[in-house]
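# Analysis of the macromolecular model
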Amino acid sequence: MLEALDLKKQFMKTKAVDGVNLFIEQGEIVGLLGPNGAGKSTTISIISSLLSPTSGDVRFFNESIIKQPQYLRKHLGVVPQEIALYENLTAMENLQFFGKIYRLSSDVMSTKIKEVLEIIGLQEKQHDLVKTFSGGMKRRLNIGVALLHEPKLIFMDEPTVGIDPQSRKYILDTVKRLNREQNLTILYTSHYMEEAEYLCDRIYIMDQGHIIASGNKNEIKGILSAEQTVVIEVETMEETFLNTLKDHPSVRQIDNQDKSVSVIVPREIDFFQTIINIANENGTILKSVQIQPPSLEDVFLHLTGKGLRD
Amino acid sequence: MLFAFMKKQLLLMIRDRTNFTLLLVMPIILVFIINFAIGDLMTEDTPEIDAKVAIVEHTSEESQLNQIKEEINEMSIPEDARNDMVQGITEFQPIQILKQDVLGGPKHQEMVDVKEIGVEEMNTAKVNKQYAAIIEVPENFSYRLVKSIFLGEGEPPELSLYVNQEEELAGQVIEDLLVAYQEQLQTSTILEQNGLGELRITSQDVKGETVAISGMNPITNTTYYVVGMSVMFVLYIASTMGAYAYEEKRDHLFNRILIANVSRWVYFLSIFISSSFTGFIQLMILFSVSVTIFDVTLPNFPSFLATSILLSFSVGGIASLLTSINYRLNSDQASAIFGSAIVTLFAFFGGSFFPIGGDVINTLGKLTPNGSGLTAFLSAFQGYGMEDISGYLFYLGGLTLVTLVMAVVIFPKRGKAV
C-alpha cells in the first residue's frame, strides 16, 4: 500500500532521516518506535507529504507522492501528536469545519459526524467547547477529525500522550476496532512499548535517523532470544550495588529506575546467586528478583542503548 | 470552502472575549470618553465665522462699462456682433457679481458682511484692523477685464487682497472664495475667447475650501472621533488575524488543513478574505452603532461603502502580510509588534486621535491606511462623491495589492513537520 524507499532528510548539517526503508500493507497496524530525536516525526511528515525528502521516494499504491501528493492525501488521515483542534470551537464545529475542507457534502458530513462521534464516544459533549474537554476527550476528538473522510490509511503520532489510563485504554480499543472492523491501515508511533505490543502486527525501531530493527513482535523479541531479563527490586538503591552490577562481565545491558533495576544477561548463566552475592557485598536489601523473557522494551534498550522515554 | 474558513474565523473572534472587547466595545467607549472630555472645548458645529470684508473700488464699475460700450459702438464691426457684445457686457458686471452673488449671496451672507469703503479710508482700516479682509479693486479693473475677455486685448487684471492675520479663519475663507472666483473668471475667459461657452459667473461656481461655506455638511467632533476610532480599531483585525493564523501553524492545524488537500494558497486567500470580511463587518457595526447612539449622519452612502470596502481590503492585505511574516519567522512577533506599536503610530500620524497639522506629517498620515481611510470617510460624511475620494480609494487598493504581493513572496512555500 505504502512504501518509503531510501528516505533521507537533512536540515543544514543534521541528518534527521538517513536511508529509511519501510512498507505498510493494507489492513496492517505497523508500529514505528524510537526515542526522542530518532527521526520518527520527520519520517511521518515526509510520508504524509508535508515535507519533501532530500532524496528517496514514497509510493502510495505504486504512485510517487513526492510531486503528486493529492491522491495520498485523499485517502490519508493524520492524528498529530499535538492536539490540532480549535479550542474555542465546539466538538461539532471542529468536525463540521474539517468536514467542509474535506469537501464532504452536507448529507454525508452529517452521517459521518454522527458515526465519528459514536466511535470516539463524544455524543454527549458534541456541543461543548473543546477548551472545556479533559485531555483524554481532546485526544479522542483529535482522532475523530482524522476519521471523517473515511481514510484508508491513518498515521497516529503518539495519540495517547499525557492522558489517563482509562482514556488510553479507550483509544487503544478504538484503534484496534477500527482496524478490525473497517480494515483501516494504521501506522502507529508511541513511547509506550506495551501499546505497540498490544496493537501492532509489525514494528520498525528507529534510532538516529535509521531503522535499526524491523519485523513482527516475535521476530523482534528473537533478537534477544539468547538472553534473559532479570528485574531486581531493592529496599534502597545503593550506588555501589549498581556500579558492581554494571561492571559485571555477564551484564549486557542495565536500566535502573528508582528502586528497581533490570539487567540483560545470557540465558545460560545462573545469575540469581550472583545477584545475592553482590547485594550482600554492598549491604543492599533485596525485595524481589524476577527472571523474565525479554520484552520489546528490552529489545529497544538493547538496540538503542536507551529507554523509549529517555 | 472559503465560507467554512470565514465562519470559523468569525466564531473564533466572537468567542475570544478580550479581542471582541478590543475590536468592538473599546472604540465605542473611547468615542464616548473623548466626546465627553472635549465636548466643551469643541462645538458640535463648525466654528462661527463673522467675516467683515471691505471692498475698495478705485473707479466706478458702471462708468467703466459705459466707456467700453461706447468704444464698441464706435467700432466698425457688424451690427449684430456689436449688439451681442454690448448685451454681454451689460450682463457681465464682475465686481457687482463679487459683491452681491459671491460674498453677499444666500450661502455666505450670514458669515460675510461686505462694506464698501473709499480709497482714503483703506489705509486707516488696514492699520486699525477693522476688517478681516480688504479687497482692493484696482483702477479700471472691469474695463480692462472686459477688454481682455471680449476683445482679447491685454492680460486680465487681478484683485488685491489684504488679510487681517488676527482673524485667520475668516481671512482664509475670504481668500479661498476670492481665489476660486478669480479662477472661475479665468476659466470663463478662456471659454469665451475660444467660443466654447457663455461668459457667466455665479456664486454656484465659486466654492472655497472651508466646508461650511462650500455648502458641504460640516464634520462634528463626534463624527470625527467615530471615524478616527473606527479606522484605528479596524487595523487590530489585521494583527488579530495574523496571530490566529500563527496559532494555526503552532498547533499543527495548518498541517491538518494541508493534509485535507487544501492548497496553501487557498488557505492564504482565506486569511485575506476572512480578514477583509471581518474588518468590513466591524466597520459596519461601529458605524451603525454610531449612527444610532451618536446621531451621526451619512449623506453619501456610496462613498462611505466604497471606503469601507477598500479599507477592509487593505486590512486583509496587512493581515496576509503579517501571517506570512509570522509563518516565515515561526513566531507571532510580527502581529504583536503591529498590534502594540505600529497601530498606535499609524493612528497618531493618520489623525485618529486629533487632526494632524503640518504638510509633511499630514502627507505621511495620508499614506497610512487609516489616515487615507479617515480622509475618505470624512469626505463621505461631508457629502463628497466618489470622484472626490477616488484618489484615496485607489491608494487603498494599491496598498492592498502591494501588501498581498509582499505576503505571497514571503509566505513559506513548503510546510514543516506534522
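Residues numbered from 1 in each chain as written. Chains lettered and ligands numbered in written order. Predicted model: local features only at pLDDT ≥ 70, side-chain atom pairs only at ≥ 80, totals over all residues.

Rules: UniProt positions are given in the numbering used here, feature names are shortened, and annotations may be inferred rather than shown by experiment.
Looking at an unreviewed UniProt entry, one finds chain B named ABC-2 type transporter transmembrane domain-containing protein, with Salinibacillus aidingensis as its source organism. In UniProt, chain B has this text filed under Subcellular location (unreviewed entry): "Cell membrane".

The name an unreviewed UniProt entry gives chain A is ABC transporter ATP-binding protein, with Salinibacillus aidingensis as the organism.

## A closer look at the sheet that holds strand S12 (residues 253–257) of chain A
Residues and elements named next belong to chain A. The test is simple: In short, DSSP must find at least two bridges between two strands for them to pair. Helix numbers and strand numbers start at the N terminus; a helix is a DSSP run of H or I with at least 4 residues, a strand a run of E with at least 2. Lines fitted to the C-alpha atoms define the axes, with helices restricted to the stretch that makes contact. Angles between their N-to-C directions range from 0 to 180 degrees. By definition, residue pairs are in contact when their C-beta atoms, positioned from the backbone, come within 7 Å.
Reading across from one edge, S12-S13-S11-S14 is the order of the 4 strands in this open sheet, with antiparallel pairing throughout. If you trace the sheet from one side to the other, it starts and ends with S12 and strand S14 (286–292), each paired once. When the angles between neighbouring strand axes are averaged without regard to direction, this sheet yields 15°. Pairing of strand S11 (residues 227–234) with S14 involves 6 bridges; the strand directions are antiparallel. When the bridges of S14 are listed, Val231 appears paired with Gln290. Its contacts with the sheet put helix H11 (residues 296–304) on S11, S12 and strand S13 (260–266), and the angle it makes with S12 is roughly 115°.

## Re the UniProt feature "transmembrane region" (unreviewed entry) in chain B
All names here are of chain B. UniProt records the feature "transmembrane region" (unreviewed entry) at residues 20–38, 224–246, 266–289, 301–322, 334–356 and 392–411, using the numbering of this structure. Helix makes up 100% of residues 266–289 and strand makes up 0%, while its end C-alpha atoms are separated by 34 Å. As a span, residues 301–322 carries 100% helix and 0% strand, and end to end its C-alpha atoms are 31 Å apart.

## Observations regarding the sheet that holds strand S3 (residues 133–137) of chain B
Residues and elements named next belong to chain B. Ordered by their spatial adjacency, 4 strands build an open sheet running S2-S1-S3-S4, and the pairing between neighbours is mixed. Of all the strands in the sheet, the pair left with one neighbour each is strand S2 (112–117) and strand S4 (160–163). The mean inter-strand angle of the sheet, taken between neighbouring strand axes irrespective of direction, is 20°. Taken together, the 6 bridges between strand S1 (residues 51–57) and S2 define a ladder with parallel strand orientation. Across the sheet, residue Val53 finds its bridge partner in S2, namely Val114. Against the sheet, helix H6 (residues 119–128) engages S1, S2, S3 and S4, with an angle of about 150° to S3.

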